Amino acid sequence: DSGGSPAAAPSDEQDEPQVDAGPDVNAAVQFKAEADAKKAALEVEMDALPGKINKKARAAKLKQVLEIEKSPEYVDACLVISGRPAKFGNFLRGLRRIASGSPK
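What comes next concerns the included structure.

The rules behind each value
Residues numbered from 1 in each chain as written. Predicted model: local features only at pLDDT ≥ 70, side-chain atom pairs only at ≥ 80, totals over all residues. Heavy atoms only, no water. Patch = residues over 30% accessible without salt bridge, like charges linked within 9 Å, V, L, I, M, F, W, Y side chains within 5 Å. Areas by Shrake-Rupley, 256 points an atom, 1.4 Å probe, with all protein chains shown as cover. Salt bridge = Lys/Arg side-chain N within 4 Å of Asp/Glu carboxyl O. Helix = DSSP H or I, 4+ residues; strand = E, 2+ residues; numbered from the N terminus. Buried < 20%, exposed > 50% of the residue type's maximum accessible area, 1.4 Å probe, protein only.

## Quick look at a nonpolar patch on the surface
At step 1: Nonpolar side chains collect at one region of the surface, where V25, V29 and I81 lie side by side and expose about 200 Å² of accessible area between them.
At step 2: Within the secondary structure layout, V25 lies in helix α2 (residues 25-47).

## Things to note about unusual backbone geometry
At step 1: Positive phi, close to 65°, is recorded for F91, a residue that is not glycine.
At step 2: Relative to the elements of secondary structure, F91 occurs in the segment after α4 (72-81).
At step 3: For F91, a relative accessible area of 0% puts it in the buried group.

## Quick word on the pattern of salt bridges
At step 1: The full count for this structure, using the stated rule, is four salt bridges.
At step 2: A salt bridge links K39 to E69, with the nearest nitrogen and oxygen atoms 3.1 Å apart. In this pair, K39 is assigned in helix α2 and E69 in helix α3 (residues 55-70), connecting sequence segments 30 residues apart.
At step 3: Given the relative accessible area of 13%, K39 is considered buried.
At step 4: Using a relative accessible area of 31% as the deciding quantity, one classes E69 as partly exposed.
At step 5: For K61, the salt bridge identified is with E45, shortest N-O distance 2.5 Å. With K61 in helix α3 and E45 in helix α2, the pair connects residues that are 16 residues apart, well separated along the chain.
At step 6: A residue is classified by how much of its surface remains accessible, and E45, at 35% relative accessible area, is partly exposed.
At step 7: Connected through salt bridges with shared partners, the residues K32, D36, K39 and E69 form a single ionic network.

What follows is the structure in structure tokens.
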């Protein structure tokens, strides 16, 4: 019986490091949802600025939207959610390097 117990323990230990070092999909989903909400709010503001007079204001809002979409945290969130490895190392459980705000 004692031979069976040690065999079960190493298999349990092998499962845990894989979970700890893997991507934190929940955090990625939460970050992406918040970023998408910010993008949607900016797009609504852009739609509320019609005409030639507001062209510069619309361009500024569009630039903010693009900054969100191209941010390393957003790119990693999209990759982690789709099941691919994070390009910039965000949303990893072992490191807990999860974005909490703007990168600046």
